[in-house]
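Letter by letter, the chains look like this.
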Amino acid sequence: KILNEKRDKLEFSKVVCGYPLSIFFIVVNEFCERFSYYGMRAVLVLYFKYFLRWDDDLATSIYHTFVALCYLTPILGAIVADSWLGKFKTIIYLSIVYAVGQVAMAVSAIHDITDSDRDGTPDSMTFHIVLSMVGLFLIALGTGGIKPCVAAFGGDQFGEHQDRQRRTFFSVFYLCINGGSLLSTIITPVLRAQECGIYSKQKCYSLAFGVPAALMVVALVVFIIGSGMYYKAEPQGNIMLDVCKCIGFAIKNRYRHRSKQYPKRQHWMDWAEEKYDKLLIAQIKMVLKVLFLYIPLPMFWTLFDQKGSRWTLQATTMDGNFGALVIQPDQMQTVNPILILTLVPIMDSLIYPLIKKCGLNFTPLKRMTVGMLLAAIAFVCAALVQIQIDKTLPTFPSTSQSQLKLLNMGSNSVTVKLPGNDALILPAAQVYPFINNCNTKFTNLLPETNDLTSKPQEGNNAIRFVNGMKTAVNVSTAAADFGLIEPFYYSNYSQIKNGKATFTLRSGSQSCEYSTNFGFGSSYTFFIHSTLVFGSNCQDSVTAVEDIKPNSVHMALQIPQYFFITAGEVMFSVTGLEFSYSQAPSNMKAVLQAGWLFTVAIGNFIVLIVAELAKIPKQWAEYVLFASLLVAVCVIFSIMAYFYTYIDPTEIEAQFKKKINEDDEDDKSKPGKAEVEMVKRDSIKCHDEYDKATQTKM
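Residues numbered from 1 in each chain as written. Predicted model: local features only at pLDDT ≥ 70, side-chain atom pairs only at ≥ 80, totals over all residues. Heavy atoms only, no water.

- In the nomenclature of an unreviewed UniProt entry, the protein corresponds to Solute carrier family 15 member 1 from the organism Lates calcarifer.
- For the record of the protein, the UniProt heading Sequence similarities (unreviewed entry) holds the text "Belongs to the major facilitator superfamily. Proton-dependent oligopeptide transporter (POT/PTR) (TC 2.A.17) family." (UniProt positions renumbered as here; feature names shortened; annotations may be inferred.)

So this is what it looks like as structure tokens:
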């Protein structure tokens, strides 16, 4: 009552349309912060792979380590806010840390800082790696630390008479989360695909990280501007610390009394009765019962969070041409928030009511089980897509083989006979790839060329020219300069983006143009005929030989796996939080939320372990492995759920309070006993005194 009166006297006079003016600053802050986080995270795995030059496994491992830290630090943020600084100061201080981390990431992606020879590649990769790792650590500390504070701080701004406005605020608040996520995963991949640089042009990761950094600074400034309007509750203590202390005392006390001379107790938590209130112990028992069900849950998050790592890397080997729209690999992640906004109302208003009308008891735990199965199906779909991609990949020589390419630069076909092989006819201006055992010796060959040993990165096309003329030819295009190619020699590979490209061929004062269209991830060798005649164009005098086929598997094939993983998320995550809240005492919901976030962190650590230790050579086999593990865990969870008994925490708490009151009445009638009970319980206060409005909601 005193708190509510204080709020009314302070800031609630400043209202706009019935809402405290302060909450508008909080909503804008949340939108900018979520844009900053998801925008940076959308391009992160590609930054590891293409800028830092890490392989897929290392990029995946560091990505999931970062995500795991982001879900561990909220526990620290909640404890600091509730026990020490308060929500307002915690948000301010950690937002500064957050912004510094984002700026560090943007600076780490500027290749010109260490590119002394100006070839577009950093000369000191150590500088970029160290700075980016420091930046990611600060971001994980910042985003995780403020995660449990912002929503609860917004709720604090409302009085008891503003329940309707508070509910509307939370709806708008979570709409801002999804809106920021959706917009950022659309915009930052587009920024990444641009080319920028001081001395040389490269993919603009610095811009892709710089815009989220700017949004985080805006979020901090907006939040500070509204500081004079906020109601700032004082720290009230954190329930998680009391729970941990009670559990620790119970374990320690049980160990002290492990001898058979002490009678057994009904539950191991009962060993805390010497120091802690029975109601608190009963509440912890209810929480532990739910936390036991959480044990299999990390496996779901192991699969779910790979949409930002493995699935994004998978998209880099696919065709993103949707006609008038070209989708970047990291933009496919936008399918997830779009489907969430679509499936949540469909599930709530159509699917669940329809199942109920059919007479099926679709309990929350059954929904979560189905959600896990849908996630497993998503990874089966990903495996099928990967098999199709693997069929289009080129066959490169193994360590025990060598590859010989035969180029016929003449105007007539020739017959070639290689040792140990049948004779073959090689048409004019064509190439024939020949893979042979490396022990076979060849003589009188042209100089060795540096052929590709993998598909071109980032969906680019690797292009080179071979000059069959007796004079040197200069070849250039808007995106690359192949330089002067000597007679009967070849150029180095240059990277060309998808779309139409026009090449200009010059020899002295003469020139002509050659145009062609490129897809994604191909490699071509263009042969300039010895009979080339310069003119307006030379389309008929240049032969294109496809060394590596372009990506032919379309990104649209990823939509089914995104659909199943999102449907699984809706049934698993949304229902899981609903179930947890319904089965936990009112003052223990933060504890369960901490446990839920901990399962997300553990799930990401599992990806790290598999990626680094398993080293499965085929990606589709890894997808199948994860799907199989989740199905196995799903069976275990369904068995655990079958034996779970749903409870009503409110009713149990009421029964305990009634029993305690009855005991107190009996104690008053017995002289001396009341004093003993007071001494027994004086070390802890009744936890119902915690006001829900002032507790941090994690």
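**Comments concerning the environment of P364**
Step number 1: Of note, P364 is situated in helix α14 (residues 364-392).
Step number 2: In this structure, the C-alpha to C-alpha distance between P364 and G576, residues 212 residues apart in sequence, is 7.1 Å. (Helix = DSSP H or I, 4+ residues; strand = E, 2+ residues; numbered from the N terminus.)

**Brief notes about the pattern of salt bridges**
Step number 1: In this structure the tally under the stated criterion is eleven salt bridges.
Step number 2: Measuring nitrogen to oxygen at the nearest pair gives 3.4 Å for the salt bridge that ties D305 to R41. Taken together, the positions of D305 in the loop between α11 (298-304) and α12 (310-315) and R41 in helix α2 (residues 22-42) put the pair 264 residues apart, joining distant regions of the chain.
Step number 3: In this structure R41 comes out as buried when scored by relative accessible area, which is 6%.
Step number 4: Note that R192 is salt-bridged to D330, the shortest N-O span being 2.7 Å. (Salt bridge = Lys/Arg side-chain N within 4 Å of Asp/Glu carboxyl O. Buried < 20%, exposed > 50% of the residue type's maximum accessible area, 1.4 Å probe, protein only.)

**A short note on the packing of aromatic side chains**
Step number 1: Scanning the entire structure with this criterion turns up 46 aromatic pairs.
Step number 2: Aromatic pair F379 and F626: ring centres 6.2 Å apart, planes at 75°, arrangement edge-to-face. You can see F379 sitting in helix α14 and its partner F626 sitting in helix α17 (residues 619-642), a full 247 residues away along the chain. There is no split in this pair, since F379 and F626 are both buried.
Step number 3: With centroids separated by 5.1 Å and ring planes inclined at 75°, the aromatic side chains of F465 and F482 adopt a geometry described as edge-to-face. Note that F465 is positioned in strand β9 (residues 461-467) and F482 in strand β11 (residues 481-485), a separation of 17 residues in sequence. An identical accessibility class is assigned to F465 and F482; each is buried.
Step number 4: In textbook terms, an aromatic cluster arises when at least three aromatic residues are bridged by ring pairs, as seen for F465, F482, F503, Y514, F518, Y524 and F526.
Step number 5: Over the face of the ring belonging to Y199 we find R118, whose NZ or CZ atom lies 3.8 Å from the ring centre. (Phe/Tyr/Trp six-rings, centres within 6.5 Å; stacked < 30°, edge-to-face > 60°. Lys NZ or Arg CZ within 6 Å of the ring centre and 35° of its normal.)

**Side note on helix α10 (residues 278-293)**
Step number 1: When the terminal C-alpha atoms of α10 are compared, their 23 Å separation across 16 residues agrees well with the 22 Å that a helix rising 1.5 Å per residue should span.
Step number 2: When we look at burial in α10, the residues that qualify are L279, L280, I281, A282, Q283, I284, M286, V287, V290 and L293.
Step number 3: For α10, the capping residue at the N-terminal end is D277, with a side-chain oxygen 2.9 Å from the backbone nitrogen of L279. (Expected span 1.5 Å × (residues − 1). Polar contact = N/O pair within 3.5 Å; in protein donor to acceptor, adjacent residues only side chain to side chain.)

**A word on the nonpolar core**
In summary, soluble globular proteins display a tendency toward joint burial of nonpolar side chains.
Step number 1: In this structure, L44, Y47, F48, F66 and F209 are the most contacted members of the largest nonpolar core, which totals 136 residues.
Step number 2: Ranked by residue count, the leading element in this core is α14, at twelve residues.
Step number 3: The residue makeup of this core includes at least three contributed by each of domain 1 (1-237) and domain 2 (290-394 + 552-647).
Step number 4: Leave out the neighbours within four places in its chain, and F209 touches M40, V43, L44, Y47, Q102, M105, A106 and A109.
Step number 5: Residues F482, A501, L505 and Y524 belong to the second largest nonpolar core, which totals 22 residues. (Core = buried A, V, L, I, M, F, W, Y, C linked by side-chain atoms within 4.5 Å. Domains from an automatic or database assignment. Contact = heavy atoms within 4.5 Å.)

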